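One-letter residues, chain by chain:
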Amino acid sequence: MTLDHTPRVSLLMLFATMAVGLPANGSGQAAAGVPRFEIASSPIELTGPVRPGEYLGVTGPRSAWLGLETGEAELWVHPLKVGNHFRLGFSIPSYGAPIPASTVARTVRIRPELATITYSHAAFQVRQHILAPAGIPGLLILLEVDSPEPLEVTAEFEPVLNYMWPGSIGGQYAYWDQGRRVFVLSESLQERNAVVGSPWAVNSVEHPAHQLGEAPRTMVIPVDPERARREFIPIAVAGGTAPREDVFASYERLIAEARSLYDQKRAWADSVLASTASIESPDPRLDLALEWAKINLEEQRVCNPDLGCGFVAGWGLSRNGTRPGFGWFFGGDAAQTMFAMNALGQWELVAEELAFLAKYQREDGKITHEISQAAARIPWFDVYPYAYYHADTTPYWMVALYEYWRASGDDELLRELWPAYRRAWAWCLTAETDGDGLLENTVGGLAAIEVGGLAAALHQDIYLAGVWVAALEGTRVLAERMGDAGIADRAEEIAPRARASLDDAFWLEEAGYHAFGILADGSTNDNLTVWPATAAAFGLFDEMRAKSTLVQLAGDRVSSDWGAHMLSTESDLYHPLQYNMGTVWPFVTGYVSWGQYRYRRPWAGFHLMDAVKQMTFDWSLGRHPELLSGTFYQPLDQTVPHQFFATSALVTPLLRGVIGWEPDAPLGRARLAPQLPPDWPEVVVRRLRAGPTTTDVEIRQQWTAVGGERRTTLTATGPPLTFDFVPDVPAGARDVSIQVNDVEVDRSPDGSIEVIPGGATPAAAATPSEGRTEIVVNWTDGLTVAPPRIDLRPGTRSVGLRILDFRAEGEGWILSVEGTAGLAYDIDLFGTSVSPAVTGGAARVSNVGTGEIRVEFAEGDGRAAATLRLVPTP
């Protein structure tokens, strides 16, 4: 659709009038000004050239700008879609034709507080700053214009004024209010209203008010270069399910308070970055990606005027519809993001979300799966089928509350939500009817699969079973805390049976992995899927079986270069573009990575977490897509580009896997079991929280010709916190010694030691509230392998190396690898000098340097595997 510039010639004549300060509109009102102020750089800002078709979103609790890097956008003020196809255009006297902004969009700068698109032309430069304020229902666009001669800006959009899916409004209309210089959007009852305007606008191109249609409304903004050097040109969007005068008041505040709204958003971003966990690693892009993940997870919070504040699942373009990605409330998605937020210390939002979901709990105890932002205006909970059709959301909420309580020690919220927890528990028991202790999809509802043949004749899937067993593990502890002996006893009775069923009923002895599901006839759906990784991430399997399953998941048929397929590429049901049966999902990638770390297989988990890191920079800047192709490193055309549980797939494996952080604030304890890549000489993690205590962790490691040393420094602030520290030593290491503040200690049977930062000895009874402890681990011999580093580039196929397994055996080590036939890979080893030999598979292996071997796979098709034996060099 082209811009309508019919009034351009006559309007350019107005510049002479404006230059001497006379009013430029028929009402005689003077145009309000927004004096220029500094748009400061951000320590985490991302910049790049404009990429046509790439998503750019600016979101806040009450509004969303959902657009493209070229400048086109949808305008949302929750729960309303205000307009479609917002875009700018430019005209100058020396050019005969208007210039669409998209054709001169050059760069984008993404900051947590706002985004900037720069339009650059030989005759002018315009910076478009886009802000979604926290406290006002609206959007604010500030144009920073640099032009030596008069310029005309046009802003056009197609009015919509409709509820988010599946709500609907009738009787909408729009008209130009010349006095206020705004387009007014309303409907017959005038209960839903919006305005889009600018005090700089002098005219408009509009259409009959009774015909909303799809024709664009256009504001024309003549720019006096001298005034533009002093002021921003504001364009404001306000709206809501509120009286029209309230919406006008919001519009006026957006412009009058522009500077303070920017400052507030900047202060919010600074606070998020400074108050939550951060990392300083040898990979600056990983550190930066974590900072953006913190912002993303905060941005999932939306405040709906009818429903309250809760977490939406993700944002994307609705185009000509009213489904903006998954921009409404989801219970299961929220639980997964809360696991990450607990580790980061974003507890205030987690507490709010847990209470929000409890507010919409069904009478029988089931927790809602999803709530449309239009739910208060339609019979969402009574007529539409979506609100409660998932079974996994209820045990997920239970696990999320338990994990929050363990991190924060918040007994007050636990007491407040315990009645809801009891109801959730009661509902879960109704979904277990066959005596195996596991919830049933046939009774409770959907879980892993919503569409596709994988769900045929399904009775129980392993995903639902895993989440429920994790909930059982927490229920006994929470019930004991609440003094609820009835539930505590019942959970203690059910949990062992359910855990045994989870591990036994799905186990395929010959295949060596856990199946996807139990079918209605009692047989198993034997497909290899990603879903057992959920139970593995929670540590619920027998160790040998877990490792066997994780070996299968580590191969390329599930774990591609850029993440985990939901279904093995070798399955007859697999299709690389099918939603539930072949695409790569970051959120399940996070479970596989976390599961690999849980069972101390870091060389199989690191590249998956690292792939999610890379997505931060390759697609929508700072964001993570919902899913990607199974064949190429490329999001699907219809994927949600800003999906929040995808972001959690970076945070959770990094903080709970690589760093190994597990707080248990009610007991005054925390577990720290780091598994650093051996090629990281040091890492610092700041502001790990367990209840009121905050801890900084610094780890330094070095390798020598005969062994190695790892120094871990804990600096705690707050009440005493006892650490269960699990040293990470190479496979086959000997002469392991551990010193805590220069005092040698022994490990407990589980391999951990007990440390209280600031204590004189590991078991010191009197510990100061603030303390610093150094743990030094030394060893001789031993060997470890560095995780593969994969050069991800958009559009590439999956060809990278996989470490399937690595273990000490006899006088040496066994290394199982997988790669693409015909390719060679270098593998870094740390520790004992070794000589390699191939004991299985079509490959050659050689030493190529100190601590480095090269594996060359024979020519052929597809993927190939090889087993290597590594023995100490004489």
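Anything mentioned here points back to the structure above.
What counts and what doesn't
Residues numbered from 1 in each chain as written. Predicted model: local features only at pLDDT ≥ 70, side-chain atom pairs only at ≥ 80, totals over all residues. Heavy atoms only, no water. Helix = DSSP H or I, 4+ residues; strand = E, 2+ residues; numbered from the N terminus. Rg over C-alpha atoms; globule rule 2.2 N^0.38 Å. Buried < 20%, exposed > 50% of the residue type's maximum accessible area, 1.4 Å probe, protein only. Areas by Shrake-Rupley, 256 points an atom, 1.4 Å probe, with all protein chains shown as cover. Lys, Arg positive; Asp, Glu negative; His and termini not counted. Charge placed at Lys NZ, Arg CZ, Asp CG, Glu CD. Pairing = 2+ DSSP bridges. Axes fitted to C-alpha atoms, helices over the stretch in contact; angles between N-to-C directions. Parallel < 35°, antiparallel > 145°, perpendicular 65-115°, else oblique. Left-handed = near helix turned anticlockwise from the far one by under 90°. Contact = heavy atoms within 4.5 Å. Nonpolar A, V, L, I, M, F, W, Y, C, P; charged D, E, K, R; others polar. Disulfide = S-S within 2.5 Å. Core = buried A, V, L, I, M, F, W, Y, C linked by side-chain atoms within 4.5 Å. 1 Å grid on protein atoms, 1.4 Å probe; cavity = no way out; pocket = protein on both sides within 12 Å on 5 of 7 lines; lining within 4 Å. Points joined across faces, edges and corners; volume = space filled by probe spheres on them. Salt bridge = Lys/Arg side-chain N within 4 Å of Asp/Glu carboxyl O. Phe/Tyr/Trp six-rings, centres within 6.5 Å; stacked < 30°, edge-to-face > 60°. Lys NZ or Arg CZ within 6 Å of the ring centre and 35° of its normal.

A. Geometry of the overall build of the protein. For the protein, the count of helices and strands is 18 helices and 49 strands. Taken over C-alpha atoms, the radius of gyration comes to 29 Å for the protein, in line with the 29 Å a tight globule of 874 residues would show. Its C-alpha atoms put the protein at 90 × 60 × 60 Å along the principal axes. In the protein, buried positions account for 64% of the 874 residues. Element-wise, carbon and sulfur atoms account for 50% of the exposed surface of the protein, whose accessible area totals about 29900 Å². Positive and negative side-chain charges in the protein, numbering 69 and 106 respectively, have mean positions lying 4 Å apart.

B. Seen up close, the sheet that holds strand β43 (residues 802-809). The strand order across the open sheet built from four strands is β43-β44-β49-β46, with neighbouring strands paired in antiparallel fashion. Unpaired on one side and paired on the other, β43 and β46 (834-840) mark the two borders of the sheet. Recorded for the sheet is a direction-independent mean angle of 25 degrees between the axes of neighbouring strands. Taken together, the eight bridges between strand β44 (residues 812-820) and strand β49 (residues 863-872) define a ladder with antiparallel strand orientation. Paired with Ser816 across the bridge in β49 is Thr867.

C. Fine view of the pairing of β49. Strand direction decides the pairing type here: β46 and β49, joined by six bridges, are antiparallel. Looking at β49, one finds that Val838 is bridged to Leu868.

D. Highlighting unusual backbone geometry. Look at the link from His78 to Pro79: it is a cis peptide, with omega at 10 degrees. Along the chain, the position of Pro79 falls in the loop between β5 (73-77) and β6 (80-91). Following Trp165, the chain continues into Pro166 via a peptide bond in cis, with omega recorded as -5 degrees. Along the polypeptide, Pro166 turns up in the loop between β12 (151-163) and β13 (173-177). In this structure, Leu161 is a non-glycine residue whose phi angle is positive, near 45 degrees.

E. Highlighting the sheet that holds strand β31 (residues 584-585). Sheet architecture is open: three strands sit in the order β29-β30-β31, paired in antiparallel fashion. Each of the sheet's edge strands pairs with one partner strand only, and the pair in question is β29 (559-560) and β31. Across two bridges, the pairing between β29 and strand β30 (residues 563-565) is antiparallel. Within β30, the residue paired with Ser559 across the bridge is Ala564.

F. Region of the structure containing the packing of helix α8 (residues 347-359) against helix α10 (residues 411-430). Look at α8 against α10: their axes get within 10 Å of each other, and the N-to-C directions meet at 20 degrees. Between α8 and α10, the angle falls in the class roughly parallel. Helix-helix and strand crossings are classified by hand; for α8 and α10 the assignment is left-handed. Packed against α8, whose contacting residues are Ala351, Leu354, Ala355 and Ala358, the element α10 presents Leu413, Glu416, Leu417 and Ala420 at the interface. A per-class count over the contact of α8 with α10 returns seven nonpolar, no polar and one charged.

G. Structural view of the side chain of Ser408. Here Ser408 lies in helix α9 (residues 393-408). Here Ser408 is in contact with Trp347, Ala665 and Gly691, once residues within four sequence places are set aside.

H. Geometry of the state of the cysteines. One pass over the structure, following the stated rule, counts one disulfide. Linked covalently through their sulfurs, Cys303 and Cys309 form a disulfide whose S-S length is 2.1 Å. The S-S bond linking Cys303 to Cys309 shows a torsion near 110 degrees; that makes this disulfide right-handed. Each member of the pair Cys303 and Cys309 is classed as buried.

I. Molecular detail of the nonpolar core. By size, the foremost hydrophobic cluster in this structure holds 231 residues, and its most contacted members are Trp65, Leu88, Phe90, Leu354, Trp397, Leu502 and Trp531. If one sorts the elements of this core by residue count, helix α12 (residues 462-481) sits on top with twelve residues. Those residues in contact with Trp531 that sit more than four places away from it in its chain are Ala448, Ile449, Ile462, Tyr463, Phe516, Met566, Phe587 and Val588. The next biggest cluster of nonpolar side chains, apart from the first, holds 25 residues, and it includes Trp813, Leu815, Phe857 and Leu868.

J. Molecular detail of the layout of surface pockets. Considering only enclosed or pocket space, the second largest pocket measures out at about 570 Å³ in volume. Residues of the lining of the second largest pocket, tallied by class, amount to twelve nonpolar, eight polar and five charged.

K. Structural view of the pattern of salt bridges. Taken as a whole, this structure holds 58 salt bridges when the rule is applied. With a shortest N-O distance of 4.0 Å, Arg230 and Glu226 are connected by a salt bridge. In this pair, Arg230 and Glu226 both sit in helix α3 (residues 225-230), four residues apart, roughly one turn of the helix. For Arg230, a relative accessible area of 47% gives the class partly exposed. Exposure remark for Glu226: the relative accessible area of 42% places this residue in the partly exposed category. Asp411 is the salt-bridge partner of Arg481, the closest N and O atoms lying 2.9 Å from each other. Taken together, the residues span a long stretch of sequence, with Arg481 in helix α12 and Asp411 in helix α10 at a distance of 70 residues.

L. Representation of the packing of aromatic side chains. Under the definition given, this model contains 46 aromatic pairs. Ring plane angle 80 degrees and centroid distance 5.6 Å describe the contact between Phe326 and Phe330, whose orientation is recorded as edge-to-face. Exposure class is identical for Phe326 and Phe330. Each is buried. Seen from their ring centres, Trp380 and Tyr384 are 5.8 Å apart, and the 25 degrees between their planes marks the pair as stacked. Since its relative accessible area comes to 29%, Tyr384 is described here as partly exposed. Here the aromatic residues Phe339, Tyr396, Tyr463, Trp531, Phe538, Tyr579, Trp585, Phe587, Tyr591, Trp594 and Phe645 are joined through ring pairs into a cluster of three or more. Between the NZ or CZ atom of Arg227 and the centre of the ring of Trp200, over which it lies, the distance is 3.9 Å. Looking at Arg285, its charged tip hangs above the ring of Phe617, at a distance of 4.0 Å from the centre.

M. Focus on the environment of Arg844. Tracing the sequence through the fold places Arg844 in strand β47 (residues 843-849). Residues in contact with Arg844, not counting those within four places in the same chain, are Val838, Arg854, Val855 and Glu856.

N. Spatial organisation of empty space enclosed by the protein. The full count for this structure, using the stated rule, is six cavities of 30 Å³ or more. Quantified by volume, the largest cavity comes out at close to 90 Å³. Lining the largest cavity, in full, are Gln336, Phe339, Phe587, Gly590, Tyr591, Trp594, Phe645, Ser648, Ala649 and Thr652. Secondary-structure elements contributing two or more residues to the lining of the largest cavity are α7 (331-344), α16 (586-598) and α18 (644-658). Roughly 70 Å³ of internal volume is contained in the second largest cavity. Taken together, Phe339, Asn342, Ala343, Glu403, Arg406, Ala407, Arg656, Trp661, Glu662 and Pro663 make up the lining of the second largest cavity. Of all the elements in the fold, those that place two or more residues in the lining of the second largest cavity are α7, α9 and β33 (661-664). Of the residues assigned to the lining of the second largest cavity, the class counts are five nonpolar, one polar and four charged.

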